[in-house]
Protein chains: 2
Amino acid sequence: MNPPVPQSLLDAPLSRERGPASLQRQLHDRLKQAILGARLAPGSRLPGSRALAEALSISRNTVTAVYDLLAAEGYLLPDRRGTRVAALTRPARSAPRHPVQRAASAASPALARRLAAIQSEPARADGEVALRPGVPALAQFPLAEWRRALDRAMGRAGSSALGYGDPLGEPALRHAIARHLSVARGVRCEAAQVVVTEGAMEALALCARLLTNPGDTAWVEDPGYRGARTAMHAADLHLVPMRVDAEGLCVPTSDWTGRPPRLIYTTPSHQYPSGAVMSAARRLELIANAQRHGAWIIEDDYDSEFRHAGDPIGAMQGLVAQAPVLYVGTFSKTMFPSLRLGFLVLPEALATRLQAPLGQLLRGGHRHEQLALGDFIESGAFGRHLGRMRRLYRERQVALREALSHHLRVPHAIDGGQGGMHLTVRLPSNDPDTRVAAAALRHGMAPAALSSFALQPAAEDNGLVLGYGNTSAERFEPLVRKLSQLARAAYTGVRSRSSGAGSG
Amino acid sequence: MNPPVPQSLLDAPLSRERGPASLQRQLHDRLKQAILGARLAPGSRLPGSRALAEALSISRNTVTAVYDLLAAEGYLLPDRRGTRVAALTRPARSAPRHPVQRAASAASPALARRLAAIQSEPARADGEVALRPGVPALAQFPLAEWRRALDRAMGRAGSSALGYGDPLGEPALRHAIARHLSVARGVRCEAAQVVVTEGAMEALALCARLLTNPGDTAWVEDPGYRGARTAMHAADLHLVPMRVDAEGLCVPTSDWTGRPPRLIYTTPSHQYPSGAVMSAARRLELIANAQRHGAWIIEDDYDSEFRHAGDPIGAMQGLVAQAPVLYVGTFSKTMFPSLRLGFLVLPEALATRLQAPLGQLLRGGHRHEQLALGDFIESGAFGRHLGRMRRLYRERQVALREALSHHLRVPHAIDGGQGGMHLTVRLPSNDPDTRVAAAALRHGMAPAALSSFALQPAAEDNGLVLGYGNTSAERFEPLVRKLSQLARAAYTGVRSRSSGAGSG
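As the structure is a computational prediction, the values presented were derived from the model and not from experiment.

(A) Spatial organisation of the sheet that holds strand β6 (residues 238–245) of chain A. Pairing in this open sheet of 8 strands is mixed, and the strands run β4-β11-β10-β9-β8-β5-β6-β7 (chain A) from one edge to the other. Two strands lie at the open edges of the sheet, namely β4 (194–197) and β7 (248–249) of chain A, each paired on one side alone.

(B) Broad picture of the pattern of salt bridges. One pass over the full model with this rule turns up 36 salt bridges over all chains. For R147 of chain B, the salt bridge identified is with D151 of chain A, shortest N-O distance 3.1 Å. Of this pair, R147 of chain B sits in helix α6 (residues 143–157) while D151 of chain A sits in helix α6 (residues 143–157), each in a different chain. When its relative accessible area of 32% is taken as the criterion, D151 of chain A is described as partly exposed. Taken together, the shared-partner salt bridges in this structure form one network comprising R243, D415, R426, E460 and D461 of chain A.

(C) Representation of the interface of chain B and chain A within the structure. If you look at the interface, chain B gives 121 residues, while chain A gives 121 residues. Summing both partners gives a buried area of about 10,100 Å² for chain B against chain A, and 57% of it is carried by carbon and sulfur. Where chain B meets chain A, there are 2 salt bridges. Counting across the chain B and chain A interface gives 31 residue pairs in polar contact (both at pLDDT 80 or more). Class assignment of the residues belonging to the side of chain B that touches chain A gives a composition of 67 nonpolar, 30 polar and 24 charged.

(D) Highlighting the packing of helix α1 (residues 19–36) of chain A against helix α3 (residues 60–73) of chain A. Residue and element names in this part refer to chain A. Orientation of α1 relative to α3, taken along the N-to-C sense of each, is 45°, at an axis distance of 9 Å. In terms of orientation, α1 lies oblique with respect to α3. Handedness of the crossing formed by α1 with α3: right-handed. Residues L23, Q24, L27, H28, L31 and K32 of α1 form the contact with α3, whose participating residues are T62, V63, A65, V66, Y67, L69, L70 and E73. Class assignment of the residues belonging to the contact of α1 with α3 gives a composition of 9 nonpolar, 3 polar and 2 charged.

(E) Focus on the side chain of R174 of chain A. All names here are of chain A. Here R174 shows up in helix α7 (residues 171–185). The class for R174 is buried, based on a relative accessible area of 8%. The residues touching R174, leaving out its near neighbours within four places in the chain, are D166, L168, G169, A191, A192, V194 and V196.

(F) Structural detail: the packing of aromatic side chains. All names here are of chain A. Tallying each qualifying case throughout the model produces 26 aromatic pairs over all chains. Ring geometry for Y272 and Y302: centres 5.2 Å apart, planes at 70°, overall edge-to-face. Here Y272, found in the loop between β8 (263–266) and α11 (280–293), pairs with Y302, found in the loop between β9 (296–300) and β10 (325–330); they are 30 residues apart in sequence, far enough to count as distant. With respect to class, Y272 is no different from Y302; both count as buried.

What counts and how
- Residues numbered from 1 in each chain as written.
- Chains lettered and ligands numbered in written order.
- Predicted model: local features only at pLDDT ≥ 70, side-chain atom pairs only at ≥ 80, totals over all residues.
- Heavy atoms only, no water.
- Pairing = 2+ DSSP bridges.
- Helix = DSSP H or I, 4+ residues; strand = E, 2+ residues; numbered from the N terminus.
- Salt bridge = Lys/Arg side-chain N within 4 Å of Asp/Glu carboxyl O.
- Buried < 20%, exposed > 50% of the residue type's maximum accessible area, 1.4 Å probe, protein only.
- Contact = heavy atoms within 4.5 Å.
- Buried area = accessible area lost by both parts, 1.4 Å probe.
- Polar contact = N/O pair within 3.5 Å; in protein donor to acceptor, adjacent residues only side chain to side chain.
- Nonpolar A, V, L, I, M, F, W, Y, C, P; charged D, E, K, R; others polar.
- Axes fitted to C-alpha atoms, helices over the stretch in contact; angles between N-to-C directions.
- Parallel < 35°, antiparallel > 145°, perpendicular 65-115°, else oblique.
- Left-handed = near helix turned anticlockwise from the far one by under 90°.
- Phe/Tyr/Trp six-rings, centres within 6.5 Å; stacked < 30°, edge-to-face > 60°.

Note that all results are geometric; they support no functional claim without further evidence.
See the structure below:
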């Protein structure tokens, strides 16, 4: 009655080199593939474990374990007479119409529609490149001090901080952030209003998730921060670009009635990338209008700690009590990007209201890092680091301005520059910035094309955003000389083509 | 011509205790508040810096610095004749109709509609409580070994890993995950298909973000993982609950035509919380139908490393080539929850297609932790830890079964239990599990009510999900005795009430 050992199991010998666990895995895979490939017919009987073990010269325990597992997985059906092969749906050899095959083409309808908007954003430059905006002085970060802080936190908290913690973040860090913000930024908040996030990106995504519905209108600064656009595209918002002038975000009154927003994204202390400071008049008007029209303002205070002339400009959040302002900050510039810690300060009334949904959406985590950062802030190490970096960036900005004034031989104007870690250089509008930026990348530089910051680039949105945070001042002269060459080539090229076409 | 010093600036003396920086801040705030509060009228002139400095007995530099900052902020307008107060929109003293005030009430229309669905999920228990599902043995984690691995990674990578890295995760970790999955779980993948995420929650949120549009239908196991429901509610999907039986997710054929899904969420290797293993027949059928109807399957393999009888069940992902399966895993159970590292394995064709949008949506980060984890896996430390935990959880499960069989004095049945870190105990349907769970919490235990895992609880979805991962076996007897008391009280209470109503 014992069925014969199927030939397909005997065809190739099992490899014995890696021990019994490997033998078991090989036999399991061979049987499974034979069943899936119909070389063992549905309903057919398998030999008993003793017979198969003998045929393959392996231990009977191995065969029994494999039969048990295949039965648990549903490939085999044990019954009183032995073991049968289960009848299974044959996997489709090719299912040409499924999106997994079609997905390679951009037009695939089975992916999310929002991808079209998200991927229209320009890719960010990667790796160790000079003049890349948004990267702080990595080599100047006091890594040894941070390692000690982290090790101390792990030693103190030990395994008690291995579990899920407060989904809104470690209370000690939230307290430290609240204290720091009220002193350094004039933000009015208690620790209970602070939510620790995965950098500013998660804070922006949370704002959209908590406050908007798909299709709602969001106003964004134009030119403005590209990450904010991505976060809002990801939330299916309808983005309306708003121009920026010397007083920051500039809203025509008619837009409040014509296309009122649910959400307004702004960088009032140091507009990104123009560097404009939003005037008090504009701030108060924006808050008053938001209150009137039921809109929320996201104030992204991304690099306000680094102001080079005078004191830091105070935050909008603290300007008016009960203002509908959600304040977003990040430690990516003040500490280092791969720390991925940022925060969101909720208006007081929202903090209570959103406790429950935030408890579902967030999982806390990175508790040792959060405890170490809280300690770093409270011990003064953070403040000392900020002070050093403020001086360093001020020096670098002066040096970069100098290099530009001496070595950039195309007509240009420099924007902003009261703070931060970048300068925006506007170039003549017939000199395509994307071409200069692409050429620069081939020379190890990653300045960003100003036009790439705009949803609807105007003629004046042509230029380069030069990050000096992570590039030392000695390198500026040769780098700017090279940029000048590249810009002149593009400029001259365009000019001669334009004249050729009779319009120059 | 020098205007007098306004009385509002002289009313209270400035505090001199904290030095010149503090004096400057005090004066700045006092002037700003006087302007915002209209105690300094718009257009009025301020005294010269020398006069004000004398009146306040402070240095003239301090006054100049404050005037400069207020001018930069737009509160003051310097002109040839001196300094004027700017005309500003008065902030609304009360704007009673803005959502920030209304937000305290649950019905606020200015918050996202999806919050209603998200917060209907039951809150998770917090802190150090016994029998909480989903928490591994924290005290058994080799923290000292992990600290060394982390410190080694920081020493080796140094400041080069402080910047933004690969948005999809450190290549070394992605390779280690791909290798581990192919050996341990039969997953077919290359490192390029692996995306490192903030735990499984971000992986689920990404799947929704990349593959679905608002309003699309998603099938979820019922009862099933609550976090998956939250992630899908957050993405505005229409959730359809699908029952689970002894062979796992159970899909009536009519549903494929009646309410075809865009996304299917399943835990085939160890259904959460029933513990059922999806049979091979069901797996192949699900894949074939998904291929036919253009649906995506999310396979959440959350605790499959811990199988207590026989070998681990292989993943669905590797069953069929080109299957429309996105495989999700987490290190929250195998390492520790606050590490917040998980991963998503994309089908090969999608990995290329989604490179660009993922590059916009993700920022990498936690690079030292990722490098340390890659090293932990490759060095074998991870495998050794898994082996120890497998034995520990097996022992704990045996001990918990024993405690239940001796000390749980209500009619009950135990589900699943071929693996993982929890047992599901079904109780009589007239014995309300939420009441028992709430009572247990008051005694330092956090078993979850089985009914809370169901969108549409059936009569049999009544019971307790007991997590034994982080509770040592010696505690089981007294804990189960207490649970038995609580359940009996509820049971008897219900029975006597039912009999009183004549239906018992």
